[in-house]
Every structure is written in structure tokens, then in C-alpha cells.
Amino acid sequence: MSDKRETLGFQTEVRQLLQLMIHSLYSNKEIFLRELISNASDAADKLRFEALANPELLADDTDLGISIEVDKEARTLSVVDNGIGMSRDELIDNLGTIAKSGTAEFLQQMTGDKKHDAHLIGQFGVGFYSAFIVADKVSVETRRAGLGVDAAVRWESAGEGEFTIENIEREDRGTRVTLHLKEDESEFAESFRIESLIRKYSDHIGFPVSLTAIGEEDAETKVVNSATALWTRSRSDVTEDEYKEFYKHLSHDFTDPLTWSHNRVEGKREYTSLLYIPGAAPFDMWNREVPRGLKLYVQRVFIMDDAEQFLPLYLRFVKGVVDSSDLPLNISRELLQQNPDLAAMRGALTRRVLDMLKKVAGDKDSYQKFWGEFGQVLKEGFVEDHANKDKLAKLLRFATTHNGNDTQDQSLDDYLQRAKEGQEKIYYILAENYATAVASPHIEQLRSRGIEVLLLTDRIDAWLTDSLTEFEGKALVDVAREALHIPEEGDEKAQDKLNDEHKSLLEKIQGALSERVEAVNVSRRLVDSPACVVASDQDLNPQVRRMLEASGQELPDSKPILEINVEHPLMTRLSGEADDGRFGALSNIVLDHALLAEGSQLANPAEYVRRMNDFLLNSGDGADSESS
Ligand code: ADP
């Protein structure tokens, strides 16, 4: 360890973040205070936790708290805590780098548009660096609890690429963050301004936050907040704004939460939970490795961040606090995992979140906002959480043929309400995208009869439909499967009858395409298109097959079933075609087009182009007269 002053460079990501934050959060600048007080409160929480096992860390300074000092003359504001503090190495790591994975990619999404960027930074969480929105120099003096007076360190930076660090002597344990305010930010050295900000943002902090105005006449130090942890208060005593501020403190998000649920459970297991659904998805929601979970307290003592044991992975976007009266204070992650109460608490908290979502779903606009941000993870949940399948099924939203656009806003209940009389099935199509789904030949017959089809175009939908096979006693049916029974269709033998009627045409096409198709049937699902391909009930859905193949999986070859629309002029033409060569070419083209229409790739595109070119050259007059 060196005593001398060292100058170190910020990690590139920190430098970028600082730049962006200063420019895009300017209209929101007062949030820096909330961030610094949150950090101070976390530091006090951490010390109290470490002191459970190691009481001498507290020494004779046992009253944990936060003080804010403003000095108008010097234009400074300091946030001082007697919490855990930082060692030299911790300081360099914590205030010189960003450890969140995916940060570089995240920062690339910034556009320079202030509103857009402010929204993105909100998803990222701001934290300590927000000090540089109002300060042109920040100094941090800190001493780690348990380390000697001479192990204290000072960090200083103007927020422009580098910081200095040097060892100092410091009597007090904990951290002092001093902001040298920019010339036009002197309002933040005014005690009345800061007092109102503390009330607004930090009232709910579980430690006293006091304010001292240095140099002011009759200056006195007074505690400004109510200093009771918010979740310990009764619901009726907490205002909406207080709940919102507490969320921002917890999450470092600065957009409002969508909703929350605050409950005390009494009886065999006693605990309080306060759970929030954020308004926007965090930037790293798709990284399943990112720390997630609730803040765990035991009898008001902070125990750990990111206790992921209390909720299933798919609810990783939920933020909040659990405060248990029964868990032992010395509980570790491992012990928590084995705790016999955990499963019951996890089950109850999961249901609580789903009930909260059910409530949100009562308001269509709010729920659409939620679905837009988190719908995909909820679909994951449906696949993973069998115990709550029924609740989750009601929370799913889909784009359907009813909409006329790709908005996912129809529930399965909505679908059933519109179902035709006697309709025993819920129909869906899986496709690469909305355009392919909605124009798919497979749904023509259903559409022409006014039967609604769910249009499933998210990657996860293939897995979703594996688990979502039934809703309210109605089976979900893939329209691209061989056995599609459309209501009012008559008996199931209809297929055989139809095939019999067109036996010679079917056999001839089958002969021409024997290498490429399993069978040829007369279709009952087509109206405008000449043909489509379907999968037999044992085969993979073509969309699933395409996805698995794209991910490099080797799958056994399987041939589709070709269905033809015998009403279509192309089929009339085909049945009248006497030339075997042309019959074969046309049959292949019909099949190629059916594959293209469902979004499949042709195995041999060059051959298709050659065949098509030949066909165009050789069928001038004939083709015209057929189609006119
Ligand atoms: P976050 O709080 O979201 O982790 P910050 O950038 O605000 O991000 O802070 C980075 C880290 O610096 C914190 O996680 C914490 O370890 C450390 N830190 C910040 N302020 C303090 C403080 N007052 N006392 C002790 N550690 C702190």
C-alpha cells in the first residue's frame, strides 16, 4: 500500500456514464442527494450487519446516523456517515469502475437525445456519480470499520477522466462525501433547500438524517427525517409519494414504480414485505446472471441485498424488502436456502406479486405498460412455474387477428368471450413475425369464418405453447398442424372423403414431390392461397424447427405434408396439365411458395429460381389465359 498521492484513470464506462449523466439528468439534478443518502444508509446497514458477528467494529460509536453539512460560504455540501467505510482498494474499485456486466453495450444505446438517454440511465440506476451533476469537484474521505486511524483514504475527482487517491488520517469511522458545488448550484448549500429535499427523498430512511448549516447564525444541528424504516409503518400512515421515494431509494431507479404491495404476515411465520413492480425494465433484465432479489432484513437489521431465494427467477424484476421476525440474525445465503420456512414464504410472496399484477390488469392502460416492459419474462414464468399456471395464464396478453395490428393486448379471457358458438378450441399460429403470421395461408379459413387466431411471434412462444395446452377447458391448437378441426366442419372423415374425390390429382402431385413431402391432402384451411404445408402431429412445429436449426441443432429430416386448395385456379391448371415436365415444375413451385409463405427457407433456392425462370419463359400465353 502506498501513502503517496496517486492519480488513476476511470474505467472507460465510468467516463462515458459521467458525461451522459451530467448532460441528460440536468433537469433532475436534485436526485444526487437521495443517491448519496441511500449510499450512506446502506453503509450504516452493512456495518450493523457486520457488527452482529463482530461487535467491536462499532467501538464506542454505536449510534448510526447520517449528517448533512452545508456551507454557503465555501459552497460545499457534505454527506457524512459513520457506517462501514471503505478501504483503499474498495474505494478504487467502487468509485473508479462499474462492475455491472453489459455496461459497455448499454452505453452504446445512448443517442445524445436527452429525454431518451435520461430514460435509459434511469433503467441503469445512477448512484454516487450523480454527485457530478451539481459538483465540479467531489472528495470522499473514508475509513473502513475495524481498520486503524491511519488506514483512511481520500479520493478526489473533478469527474473528468481521472481521480486521485491518497492515504490520510481520520479519527472517525465511515465516510464523508464533500461536493464542491458548481457556481450556479449554490442553492444546494442552502439549508432550507436541503431540508426540504431530505424530507422529500429521504424521510423513510431507517437512520436519523441530521442537517447542520455551517457558518449560519444560530446554526443548530437537527434531525430532519422521521427515521423509521418505511416498511415498519402501517400502510395507512404512508403516503403514495413516500412509497414512491422509498422505491427510488431501494432501486436507484428514478422513474416511479408501477405499483407496490405492502403487507404484514402474522401467525406461524411473521414477516413484513414491501414489493414493487418497476415502471420500466432494467437494462440487464435479459442477463439471467445479474444479481436480483429482495433486500432481506431480520427484525429491522439489514442482512443482505439481492436475496434471490424469495422469488422465482422470472419475477427478477420485482424490487423490495422482506423483514422477517423469525429468521436467525446470522443467516447466510446457504442457510437461508435450507431454511424450512423459505418455501412457504417464497410461495406466498410469488402469489402476492401475481395478485398485484392481477390488480394492475384491471386497468388496461397500466397493464399494457407493464406487458410492454415485462411480458416476455412473464411468459418465461408460465413455462417455469407450474404451481401458478392458472394465475399466469390469465395474465398473458397476445396479438390476435381480432386486433388488426401487432399489439399484444388480448387476454385468453377476451378471446373466449368472442369465441363462436360451439367453438371448442383456441387457435394460434407461431411465426417469425407479425406480417408472416397475419398473412399466413394457414389461418385463411378460420379468418373467413370470423374465428379468432392468436398470432404468436416471440421467440419464447414456441416454449409457451408447449406448456400452454389448455385454458378454461379449451385446448389450444396450432393451426399449422395436420389435424386441424375447424368448428362446423362436419365429421372427421371429411378429410378422407375430400381426398378420395381428388385422388388422382393428389397422387400425381405426391409422385412429383415424393422426395420432398410426406403426403398431399386436400386442404380445409385455405381460402385464397393455392397451398400450404403443415406438420404432422408428431413433428416439431416448423417455427420451432427453424429456431432449433438456427441455434445449430442437428434435427432428423422430416418432410411436411402439402395441403392444396382444390378451388384455386392454379390447381385447376395443374390438374389440366398434360406435360409431365411442366406438372412436376409447377408442383415444386407450389410447394416452394407454400414454404416461403410460412417463413421457411428453401433448401435449394437456386433450383427454385431456375425452375421459376424456366416456368416464366415457357408459359407465356397459357398462364395469362388461365389467370384472367
Ligand atoms: P450502488 O450504490 O448502486 O452500488 P454507487 O455508484 O452509488 O452504486 O456506489 C458504488 C459503491 O460504492 C457502493 O456499492 C458501495 O460499495 C460504495 N459506497 C458508496 N458510498 C458509500 C458510503 N457512503 N459508504 C461506504 N461505501 C460506499
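Residues numbered from 1 in each chain as written. Predicted model: local features only at pLDDT ≥ 70, side-chain atom pairs only at ≥ 80, totals over all residues. Heavy atoms only, no water.

### A look at the overall build of the protein chain
Right, so step 1: Broken down by element type, the protein chain carries 22 helices and 22 strands.
Right, so step 2: For the protein chain, whose C-alpha radius of gyration is 33 Å, the value lies well above the compact-globule estimate of 25 Å for 628 residues.
Right, so step 3: Classification of the 628 residues of the protein chain by burial places 54% in the buried group.
Right, so step 4: Summarising the internal contacts of the protein chain: among those between residues at least 6 apart in sequence, 72% fall at separations of at least 24.
Right, so step 5: Carbon together with sulfur atoms contributes 46% to the accessible area of the protein chain, which is approximately 28900 Å² in total. (Helix = DSSP H or I, 4+ residues; strand = E, 2+ residues; numbered from the N terminus. Rg over C-alpha atoms; globule rule 2.2 N^0.38 Å. Buried < 20%, exposed > 50% of the residue type's maximum accessible area, 1.4 Å probe, protein only. Contact = heavy atoms within 4.5 Å. Areas by Shrake-Rupley, 256 points an atom, 1.4 Å probe, with all protein chains shown as cover.)

### Here's the deal with the pairing of strand 8 (residues 209-214)
Right, so step 1: Within strand 8, five of the six residues are buried, leaving the element largely enclosed by the surrounding structure.
Right, so step 2: Pairing geometry for strand 2 (residues 66-71) and strand 8, over six bridges, is parallel. Counterpart to Ser67 in the pairing with strand 8 is Ser210.
Right, so step 3: Pairing of strand 8 with strand 9 (residues 222-223), which is carried by two bridges, proceeds in the antiparallel orientation. Bridging across to strand 9, Leu211 finds its partner in Lys222. (Pairing = 2+ DSSP bridges.)

### A word on helix 17 (residues 503-512)
Residues three or four positions apart in an α-helix share a direction because the helix packs 3.6 residues into each turn.
Right, so step 1: Here helix 17 has its buried residues at Leu505, Leu506 and Ile509. Taken around the axis of helix 17, the buried residues stretch over an arc of 100 degrees, which confines them to a single face.
Right, so step 2: Close packing links the buried residues of helix 17 with helix 16 (494-501), strand 20 (519-522), strand 22 (561-564), helix 19 (569-575) and helix 20 (580-597). (Arc of directions from axis to C-beta.)

### Describing the sheet that holds strand 8
Right, so step 1: One open sheet holds the nine strands; their spatial order is 1-6-5-4-7-3-2-8-9, and the pairing between them is mixed. This sheet does not close on itself; its edge strands, each paired only once, are strand 1 (6-9) and strand 9.
Right, so step 2: Relative to strand 7 (residues 174-181), strand 3 (residues 76-81) runs antiparallel, the two being bridged by six bridges. Each bridged residue has a counterpart across the sheet, and for Thr76 the counterpart in strand 7 is His180.
Right, so step 3: Packed onto the sheet, helix 2 (residues 31-53) meets strand 2, strand 3, strand 7 and strand 8 and runs at close to 20 degrees relative to strand 3.
Right, so step 4: Against the sheet, helix 6 (residues 191-202) makes contact with strand 2, strand 3, strand 8 and strand 9, and its axis sits at roughly 170 degrees relative to strand 8, the strand it touches most. (Axes fitted to C-alpha atoms, helices over the stretch in contact; angles between N-to-C directions.)

### Considering the layout of surface pockets
The rolling of a water-molecule-sized probe over the atoms marks out the regions of remaining empty space.
Right, so step 1: What the second largest pocket holds in volume is close to 830 Å³.
Right, so step 2: Along the wall of the second largest pocket there are 29 residues; nearest its centre are Ser558, Pro560, Leu595, Gln601 and Ala603.
Right, so step 3: Looking at the lining of the second largest pocket, the elements with two or more residues in it are strand 21 (531-534), helix 18 (542-550), helix 20 and helix 21 (605-618).
Right, so step 4: When the residues that make up the lining of the second largest pocket are grouped by side-chain class, the tally is twelve nonpolar, five polar and twelve charged. (1 Å grid on protein atoms, 1.4 Å probe; cavity = no way out; pocket = protein on both sides within 12 Å on 5 of 7 lines; lining within 4 Å. Points joined across faces, edges and corners; volume = space filled by probe spheres on them. Nonpolar A, V, L, I, M, F, W, Y, C, P; charged D, E, K, R; others polar.)

### Topic: the nonpolar core
Right, so step 1: One finds Ile68, Phe128, Val138, Trp155, Leu179 and Ile194 to be the most contacted residues of the largest nonpolar core, which totals 70 residues.
Right, so step 2: If one sorts the elements of this core by residue count, helix 2 sits on top with ten residues.
Right, so step 3: Setting aside anything within four residues of it in sequence, one finds Leu179 in contact with Phe32, Leu36, Arg75, Thr76, Leu77, Ala131, Val134, Ala135, Lys137 and Val138.
Right, so step 4: Judged by nonpolar contacts, the second largest core, of 66 residues, contains Tyr314, Phe370, Leu464 and Leu484. (Core = buried A, V, L, I, M, F, W, Y, C linked by side-chain atoms within 4.5 Å.)

### A short note on the site of the ligand
Right, so step 1: The environment of the ligand is formed by Asn39, Ala43, Lys46, Asp81, Met86, Asn94, Leu95, Gly127, Phe128, Thr175 and His252.
Right, so step 2: Within the side chain of Asp81, an N or O atom sits 2.9 Å from a nitrogen atom of the ligand.
Right, so step 3: Residue Phe128 places a main-chain N or O atom 2.7 Å away from an oxygen atom belonging to the ligand.
Right, so step 4: In the complex, the protein chains occlude 77% of the 530 Å² of accessible area that the ligand would expose alone. (Near = heavy atom within 4 Å. Polar contact = N/O pair within 3.5 Å; in protein donor to acceptor, adjacent residues only side chain to side chain.)

### Considerations on a negative patch on the surface
Right, so step 1: On the surface, Asp136, Glu160, Glu162, Glu183 and Asp184 cluster together into a patch of negative charge.
Right, so step 2: Looking at the element boundaries, Glu160 is found in the loop between strand 5 (152-157) and strand 6 (162-168). (Patch = residues over 30% accessible without salt bridge, like charges linked within 9 Å, V, L, I, M, F, W, Y side chains within 5 Å. Salt bridge = Lys/Arg side-chain N within 4 Å of Asp/Glu carboxyl O. Lys, Arg positive; Asp, Glu negative; His and termini not counted. Charge placed at Lys NZ, Arg CZ, Asp CG, Glu CD.)

### Quick look at the domain arrangement of the protein chain
Right, so step 1: Annotation of the protein chain at the domain level lists domain 1 (6-225), domain 2 (232-361), domain 3 (397-478) and domain 4 (492-536 + 559-627).
Right, so step 2: Facing six residues of domain 3, the contacting portion of domain 4 comprises 13 residues.
Right, so step 3: Of the roughly 820 Å² buried between domain 3 and domain 4 on both sides combined, carbon and sulfur atoms contribute 55%.
Right, so step 4: Per-residue buried area on domain 3 facing domain 4 is highest for Pro441, His442 and Glu444; these three make up 64% of the total on that side.
Right, so step 5: Summed over the shared surface of domain 3 and domain 4, the number is zero salt bridges.
Right, so step 6: The element that contributes the greatest number of residues to the side of domain 3 that touches domain 4 is helix 14 (residues 444-448), accounting for three residues. (Domains from an automatic or database assignment. Buried area = accessible area lost by both parts, 1.4 Å probe.)

### Quick word on the side chain of Asp203
Right, so step 1: Along the chain, Asp203 falls in the loop between helix 6 and strand 8.
Right, so step 2: No salt bridge is formed by the buried Asp203; its nearest oppositely charged neighbour, Arg233, is found at 4.3 Å.
Right, so step 3: A polar contact of 2.9 Å, which involves the side chain of Asp203, links it to the backbone nitrogen of Ser226.
Right, so step 4: What Asp203 contacts, discounting residues up to four positions off in sequence, is Ile198, Val224, Asn225, Ser226, Ala227, Arg233 and Glu242.

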